[in-house]
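Remarks on the overall topology
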Amino acid sequence: MDIYEALYTTRMMRRLRPDPIPLDTQARILDAAVRAPNGANTQRWHFVAVDDPELIREFGQLFRQARALEYEKFSTGTGPMVAPAPGSDPAAHAETMRWIKGSGNYLADHFEEVPLLLFVFAIDDLGGANIYPAIWSILLAARAEGVGGVMTLVLRNFEDRVNELLGVPVEEGWKMSAMLTLGYPRGKWGVAANRRPVQEVSSRNHWDSPFGVEVPQPLWPPHGEMTSDLAATG
Ligand SMILES: Cc1cc2nc3c(=O)[nH]c(=O)nc-3n(C[C@H](O)[C@H](O)[C@H](O)COP(=O)(O)O)c2cc1C
């Protein structure tokens, strides 16, 4: 797959089919991920794949509780991801939040159908900087395999229970960074078009000076072509 296609179309897919992801596919995804950059190449990361239906059920209950907690924080304006970027359109953000909530509800309601959870642990992930290259590589490699998913943080609200269920050696310093749900998507891949354009979020030499190039439309696919399997997203 063309790298730009992967970069433009690796959307978060919350509507997944229950079909298992073959082990060799899982191996290719993780083998690509461990090539990611990381500080001093210390590779202080660990991935726990969960495909045991009993455990997935257990995590499903926890996920729904954790989400309820997040939305409670959100409704009182105390959550971590409540405010849109300065200068962005609050109405568009509110609409995005409504959409994410609807899509997230689907995932929460169908959590037990997700064929694979991937818990990502790190020792001192440096505020995420030391683990998100690998997490993004997982999602990009998954995209190349036709596998979709979403990265979530909400289970960190129940970190102790997660550690207990997975037998994490916390005394060594391991901490959960994220939990990815992975599976074959029900929907179609689409370009992440709902992003503020380059000229709105970039500048040159000084914060207030224009970047110098306007990009009114996503530059991929070239000439604005859309193949039939690139329509919507899930
Ligand atoms: C740090 C981080 C945390 C996220 N947490 C969640 C989450 O808990 N639940 C969820 O459904 N999506 C989560 N997402 C996915 C974002 O909601 C998603 O990337 C964003 O809405 C844009 O949608 P798109 O990537 O499909 O274009 C998270 C993404 C990041 C980078």
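Structural data are supplied above this passage.
Notes on the structure follow. Counting restarts for each chain: residues are numbered from 1 in the order of the written sequence. In keeping with the model being predicted, local features are shown solely for residues with a pLDDT of at least 70 and side-chain atom pairs are shown and tallied solely at 80 or more, while totals for entire chains, interfaces and linings include all residues. Each side-chain value is worked out from all heavy atoms of the structure, with water and hydrogens disregarded.

Attention now moves to the overall build of the protein. Secondary structure elements are defined from DSSP: runs of H or I of at least 4 residues count as helices, runs of E of at least 2 residues count as strands, and each element is numbered from the N terminus. What the protein contains, in helices and strands, is seven helices and four strands. When its helices and strands are written in sequence order, the protein yields α-α-β-α-α-β-α-β-α-β-α. Rg of the C-alpha trace for the protein: 19 Å, near the compact-globule value of 17 Å for 234 residues, within the 12% margin. Across its three principal axes, the protein shows a C-alpha extent of roughly 50 × 40 × 40 Å. Counting the 234 residues in the protein, one finds 38% classified as buried. Contact between two residues is taken to exist if any of their heavy atoms lie within 4.5 Å; hydrogens are not considered. Taking the contacts inside the protein whose residues are at least 6 apart along the sequence as the reference set, 84% of them involve residues at least 24 apart. Summed over its atoms, the accessible surface of the protein is roughly 13,200 Å², and 56% of this surface lies on carbon and sulfur atoms. In this tally Asp and Glu are treated as negative and Lys and Arg as positive; neither His nor the chain ends contributes. By convention, the charge on Lys lies at NZ, on Arg at CZ, on Asp at CG and on Glu at CD. The positive charge centre, built from 22 side chains, and the negative charge centre, built from 29, are 4 Å apart in the protein. As a reference, a globule follows 2.2 Å times the number of residues to the power 0.38, and the radius of gyration itself is taken over C-alpha atoms. Each residue gets one of three labels from its accessible area relative to the maximum for its type: buried under 20%, exposed over 50%, partly exposed in between, using a 1.4 Å probe on protein chains only. Each accessible area is a Shrake-Rupley estimate made with a 1.4 Å probe; only the visible protein chains count as cover when residues are assessed.

What follows covers the packing of helix α3 (residues 53–75) against helix α4 (residues 90–109). As a packed pair, α3 and α4 sit with axes 11 Å apart at the nearest point and diverge in direction by 160°. Relative to α4, the element α3 is oriented roughly antiparallel. Here α3 and α4 pass one another in a crossing that is left-handed. On α4, the residues that touch F63, R64, R67, Y71 and F74 of α3 are M97, K101, G104, N105, L107 and A108. In this classification, the charged set is Asp, Glu, Lys and Arg, the nonpolar set is Ala, Val, Leu, Ile, Met, Phe, Trp, Tyr, Cys and Pro, and all remaining amino acids, among them Gly, are polar. Partitioned by chemical class, the residues of the contact of α3 with α4 number six nonpolar, two polar and three charged. Between N-to-C directions, angles cover 0 to 180 degrees, with each direction set by a line fitted to C-alpha atoms, over the stretch in contact for helices. The labels follow the angle: roughly parallel below 35 degrees, roughly antiparallel above 145, roughly perpendicular from 65 to 115, and oblique for the rest. Two helices that cross are described as forming a left-handed crossing if the nearer one is turned anticlockwise from the farther one by less than a right angle, and a right-handed crossing if clockwise.

Before going further, it helps to examine the side chain of R67. For R67, the location among the structural elements is in helix α3. In this structure, R67 is buried with no salt-bridge partner, the nearest side chain bearing the opposite charge being D109 at 6.5 Å. At 3.0 Å, the side chain of R67 forms a polar contact with the side chain of N105. In this structure R67 touches K101, G104, N105 and A108, once residues within four positions along its chain are discounted. One speaks of a salt bridge when a side-chain nitrogen belonging to Lys or Arg is within 4 Å of a carboxyl oxygen belonging to Asp or Glu. In protein, a polar contact requires one atom able to donate a hydrogen and another able to accept it; more generally it is a pair of N or O atoms within 3.5 Å, and residues adjacent in sequence count only if both atoms are side-chain atoms.

With that settled, the discussion passes to the environment of P210. As for its position among the elements, P210 is in the segment after α7 (198–201). A relative accessible area of 68% places P210 in the exposed class. Residues in contact with P210, not counting those within four places in the same chain, are S203 and R204.

We call Phe, Tyr and Trp rings a pair once their centres come within 6.5 Å, taking the six-membered ring for Trp, and we label the pair stacked below 30 degrees between planes, edge-to-face above 60, and tilted otherwise. Per the stated rule, a full pass over the model turns up five aromatic pairs. Grouping aromatic residues by their ring pairs yields a cluster made of Y4, Y8 and W220. Charges are assigned to positions over rings by a cutoff of 6 Å between ring centre and Lys NZ or Arg CZ, combined with an angular limit of 35 degrees from the ring normal. If you follow R15 out to its NZ or CZ, it ends over the ring of Y106, 5.2 Å from the centre. The positively charged end of R143 is found above the aromatic ring belonging to W189, 4.1 Å away from the centroid.

Turning our eyes to something else, we now look at the sheet that holds strand β4 (residues 174–183). The antiparallel open sheet is built from four strands, whose spatial order is β1-β2-β4-β3. Of all strands in the sheet, those with a lone pairing partner are β1 (45–50) and β3 (148–152), marking the two edges. Going from strand to strand, the sheet's axes swing by 25° on average, the running direction of each strand aside. In this sheet, strand β2 (residues 116–123) lies alongside β1 in antiparallel orientation, the contact comprising six bridges. Looking at β2, one finds that V50 is bridged to L117. Of the strands in this sheet, β1, β2, β3 and β4 touch helix α5 (residues 132–144), which is tilted by about 10° from β4. Strands were regarded as paired on the criterion that DSSP finds at least two bridges between them.

Turning our attention to the site of the ligand. Whether a residue is near a molecule or strand is decided by its heavy atoms; if any one of them lies within 4 Å of it, the residue is near. Around the ligand, the surrounding shell holds 13 residues, and the nearest of these are R11, M12, R14, M151 and R195. A distance of 2.6 Å separates an oxygen atom of the ligand from a polar atom in the side chain of R14. Residue M151 places a main-chain N or O atom 3.3 Å away from a nitrogen atom belonging to the ligand. Alone, the ligand offers 620 Å² of accessible surface; in the complex the protein occludes 73% of this. Sorting elements by how many residues they give to the shell around the ligand places β3 first, with three residues. Across the shell around the ligand, the residue classes break down as nine nonpolar, one polar and three charged.

Functional significance is not addressed by these values, which are geometric in nature.
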